[in-house]
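Residue strings, one per chain:
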Amino acid sequence: MTDDVLGFSTRAIHAGYEPDPQTGAVNVPIYASSTFAQDGVGVMRGGYEYARTGNPTRTALEANLAALESGRYGRAFSSGMAATDCTLRSVLRPGDHLVIPNDAYGGTFRLIDKVFRLWGIEYSVAPVSDPDAVRNALRPNTKLVWTETPTNPLLNVGDIAALADIAHGAGAKLVVDNTFASPYLQQPLSLGADIVLHSTTKYLGGHSDVVGGALITDDQELDTAFAFLQNGAGAVPGPMDAYLTMRGIKTLAVRMDRHCDNAETIAAFLADHPAVAKVLYPGMSDHPGYAVAQKQMRRFGGMISVRLRGGADAAQAFCSKTKIFTLAESLGGVESLIEHPAAMTHASTAGSELEVPADLVRLSVGIEDVTDLLADIEAALG
């Protein structure tokens, strides 16, 4: 039976590796070797020569990642930002232009604005939830439309199929950062995206114990470019990182269902709390992207953002008073996290078109008992 007819959880557990034929090991071995013996000059066993170029543990992870997104090719990187950098350098050249969300992840914005702009890359910003605005942001030299959906941190939703049509109509590629949704909840390639990007640090790893990134595509030319930079620039995960990510992936589906269960309950609670001015969660029927999210997502995810009536002071106080929600950057782990984006993950957007509201708090809802999480929030909001 081929991967494309297997269920998601079956692929997550089995894709990329068969039990070792000699030992029967059911988990992929951690090949902790920097180099590989050759049977002759240029005669490699299994295609492996040097660990930056390829490692069997990483190969298993890459096959698994491709299967999760129902894609042909997967590449693993040392971080989500390394995957972002590889995408930009593979697709863009000096003088090219890209469109980014007006509430993109701060690290993505920082890389584009502070590094790539100096090398002659131009960019415009547009809300991913407004296809017409994205279309109007295109230029004759646009080569890439960059999308997060849901976005980080305002949880806006973009219609991937519509954005793909817009990008392709302009001769550009569409990349979808699928980190917030995970492959379990959303499949961008099937909706027309050219590239899917993940920070595997987040939901795919799932346990806040490994940093990594991934790119998945159906385009062989793109994959060849990714592979060249993966080897040439060397931002690759080590075998232990690849192993930990693959181990986390095995439980992705069951974890995501619990993340979603908890987030839906907490979002409803926060919507009725007098200290909260607005809840940003695509699973709420009054969210502007609710209909699109229903159409292209299995469920609505474990991320919630809220705006506090008391402004920045109330937002920072909320972050400092929780006990179970840990004040920390990152997201997608089994434990619940809370942060103040304007002062933490999105500080780099201050003073720009992407500046984050100071009254905003972002919650990464974990898989703890939801009654404990609700009590923690209630106590912190006072």
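What you see is a predicted model, and the numbers here were worked out from it, not measured in a lab.

Rules of the game
Residues numbered from 1 in each chain as written. Predicted model: local features only at pLDDT ≥ 70, side-chain atom pairs only at ≥ 80, totals over all residues. Heavy atoms only, no water. Helix = DSSP H or I, 4+ residues; strand = E, 2+ residues; numbered from the N terminus. Rg over C-alpha atoms; globule rule 2.2 N^0.38 Å. Buried < 20%, exposed > 50% of the residue type's maximum accessible area, 1.4 Å probe, protein only. Lys, Arg positive; Asp, Glu negative; His and termini not counted. Charge placed at Lys NZ, Arg CZ, Asp CG, Glu CD. Phe/Tyr/Trp six-rings, centres within 6.5 Å; stacked < 30°, edge-to-face > 60°. Lys NZ or Arg CZ within 6 Å of the ring centre and 35° of its normal. Domains from an automatic or database assignment. Contact = heavy atoms within 4.5 Å. Buried area = accessible area lost by both parts, 1.4 Å probe. Salt bridge = Lys/Arg side-chain N within 4 Å of Asp/Glu carboxyl O. Polar contact = N/O pair within 3.5 Å; in protein donor to acceptor, adjacent residues only side chain to side chain. Nonpolar A, V, L, I, M, F, W, Y, C, P; charged D, E, K, R; others polar.

Asks: Run through the overall build of the protein chain, naming residues and quoting values.
Replies: Counting its regular elements, the protein chain contains 13 helices and 14 strands. Its C-alpha atoms give the protein chain a radius of gyration of 21 Å, within 12% of the compact-globule value 21 Å for 382 residues. Each principal axis of the C-alpha atoms in the protein chain carries an extent, and together these give about 70 × 50 × 35 Å. Across the 382 residues in the protein chain, those meeting the buried criterion constitute 54%. Of the charged side chains in the protein chain, 29 are positive and 43 negative, and the gap between their average positions amounts to 3 Å.

Asks: Please provide a residue-by-residue account of the packing of aromatic side chains, values included.
Replies: Overall, the coordinates contain four aromatic pairs when judged by the stated rule. On the basis of an interplanar angle of 40° and a centroid distance of 5.6 Å, the ring pair of phenylalanine 36 and tyrosine 48 is categorised as tilted. Here tyrosine 48 lies in the loop between β2 (43-44) and α2 (56-68) and phenylalanine 36 lies in the loop between α1 (8-14) and β1 (38-40), a separation of twelve residues in the sequence. Look at phenylalanine 109 and tyrosine 123: their rings are 6.2 Å apart centre to centre, the planes differ by 85°, and that puts the pair in the edge-to-face class. In this pair, phenylalanine 109 is assigned in helix α4 (residues 106-114) and tyrosine 123 in strand β5 (residues 122-126), connecting sequence segments 14 residues apart. Judged by relative accessible area, which is 4%, phenylalanine 109 ranks as buried. Above the ring of tyrosine 184, the side-chain terminus of arginine 298 is found at 4.0 Å from the ring centroid.

Asks: Kindly report on the domain arrangement of the protein chain, identifying the contributing residues and their values.
Replies: Examined at the domain level, the protein chain breaks down into domain 1 (3-247) and domain 2 (252-381). Spacing between the C-alpha centres of domain 1 and domain 2 amounts to 25 Å. Residue-level contacts link 40 residues of domain 1 with 43 residues of domain 2. Approximately 3,300 Å² of surface area, both sides summed, lies buried where domain 1 meets domain 2, with 65% of it carried by carbon and sulfur atoms. Broken down residue by residue, the surface that domain 1 buries against domain 2 is led by Tyr184, Leu185 and Tyr203, which jointly contribute 25%. In this assembly, domain 1 and domain 2 are joined by one salt bridge. Between lysine 295 and aspartate 159 there is a salt bridge; the shortest N-O distance is 2.8 Å. Summed over the shared surface of domain 1 and domain 2, the number is 17 residue pairs in polar contact (both at pLDDT 80 or more). Elements that contribute at least two residues to the side of domain 1 that touches domain 2 include exactly α1, β4 (97-101), α4 and α7 (182-185). Across the side of domain 1 that touches domain 2, the residue classes break down as 21 nonpolar, 15 polar and four charged.

Asks: Any details on the environment of lysine 202? Residues and values, ideally.
Replies: By secondary structure assignment, the location of lysine 202 is in the loop between β8 (195-199) and β9 (213-217). Spatially, the C-alpha atoms of lysine 202 and cysteine 86 are 19 Å apart, while their sequence positions differ by 116 residues. In this structure, lysine 202 is in contact with Thr179, Ser330, Leu331 and Gly332, ignoring residues within four places of it in sequence.

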